[in-house]
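Structural overview
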Amino acid sequence: MLNDFESVVKSRRSASKFTQGIDISQKELEQIFSLVKFAPSAYNLQHANYVVVTDPLMKQKVYEAAYKQYKIQSSSAVIAVLGDLEAYKDSARINEGLFHLGFFSKQELDSEVE
Ligand SMILES: Cc1cc2nc3c(=O)[nH]c(=O)nc-3n(C[C@H](O)[C@H](O)[C@H](O)COP(=O)(O)O)c2cc1C
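Calculation criteria
- Note that residues are indexed from 1 along each chain, following the sequence as it is written.
- Where totals are concerned, whole chains, interfaces and linings use all residues; where local detail is concerned, this predicted model gives features only for residues with pLDDT of at least 70, and gives and counts side-chain atom pairs only at 80 or more.
- Think of the side-chain values as coming from all heavy atoms in the structure, minus any hydrogens and water.
- Salt-bridge detection follows one rule: a side-chain nitrogen of Lys or Arg within 4 Å of a carboxyl oxygen of Asp or Glu.
- Partly exposed residues are those whose accessible area sits between 20% and 50% of the maximum for their type, while under 20% is buried and over 50% is exposed, using a 1.4 Å probe and protein chains only.
- Any residue with a non-hydrogen atom lying within 4 Å of a molecule or strand is treated as near it.
- The definition of a polar contact used here is a pair of N or O atoms within 3.5 Å, where within protein one atom must be able to donate a hydrogen and the other to accept one, and adjacent residues in sequence count solely through side-chain atom pairs.
- Only the protein chains shown count as cover for residues, and the accessible areas themselves come from Shrake-Rupley with a 1.4 Å probe.
- What counts as a helix is a DSSP run of H or I of at least four residues, what counts as a strand is a run of E of at least two, and both are numbered from the N terminus.
- To obtain the arc, one takes the directions from the helix axis to the C-beta atoms.
- Any two residues having at least one pair of non-hydrogen atoms within 4.5 Å are treated as being in contact.
- For the purposes of this section, nonpolar cores are sets of buried Ala, Val, Leu, Ile, Met, Phe, Trp, Tyr and Cys residues that join through side-chain atoms within 4.5 Å.

What to know about the pattern of salt bridges
Considering all chains together, one arrives at five salt bridges under this definition. A salt bridge links Lys68 to Glu64; its shortest N-O distance comes to 3.7 Å. Under the relative-accessibility criterion, Glu64 is labelled partly exposed at 42%. The residue Lys89 makes a salt bridge to Glu86 at a minimum N-O spacing of 3.3 Å. Here Glu86 falls in the partly exposed class, since its relative accessible area comes to 48%.

See below:
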């Protein structure tokens, strides 16, 4: 287990260019996002939203906005990660389930929301 973790950490690299003209399928994107939802978030606010950009015109705009990084043009898809600055407003709804399941007392729920 530890060796698996160490090898993942040490072998990963940021990709800086891609083979042009290769499409990423909807199925592959769905596989990625079915795993992304397990990512932890501060106060479990789940404030990250993901926008997948594959449309060439939109990608060109992202390319310009990202200081013309070649990888954006050559990638199959650009995934913009957006942080919802108002996610805290959803705290009651997110935590309500834990209250109903008995993980939180009413007092703990109120304190968490506050
Ligand atoms: C939050 C974040 C933003 C990054 N943004 C860019 C980026 O815009 N362009 C880029 O080429 N690399 C970007 N990187 C990758 C870093 O430059 C890269 O991690 C660093 O050079 C070390 O290389 P490695 O990831 O292959 O070990 C980003 C990394 C992080 C964590």
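Here's the deal with the site of the ligand
All residues in the neighbourhood of the ligand are listed as Arg12, Arg13, Ser14, Gln69 and Lys71. Within the side chain of Gln69, a nitrogen or oxygen atom sits 2.6 Å from a nitrogen atom of the ligand. Between Lys71 and the ligand, the recorded distance is 2.7 Å, taken from a side-chain N or O atom to an oxygen atom. Bound to the protein, the ligand loses 30% of the 620 Å² it would expose on its own.

Remarks on helix 5 (residues 91-100)
For helix 5, the complete set of buried residues consists of Ser91, Ile94 and Asn95. Relative to the axis of helix 5, the buried residues are bounded by an arc of 85 degrees and lie together on one face. Exposed side of helix 5, more than 90 degrees from the buried face: Arg93 and His100 are the residues found there. Turning to helix 5, the residues buried within the fold contact helix 6 (106-113). Just beyond helix 5, the residue with positive phi is Gly102, at close to 90 degrees.

Some remarks on the nonpolar core
Grouped together as the largest cluster of nonpolar side chains are five residues: Val53, Tyr63, Ala66, Ile72 and Val78. In this structure, Val78 is in contact with Val51, Val52, Val53, Lys59, Val62 and Ile72, ignoring residues within four places of it in sequence.

Worth remembering: the numbers are spatial, not functional.
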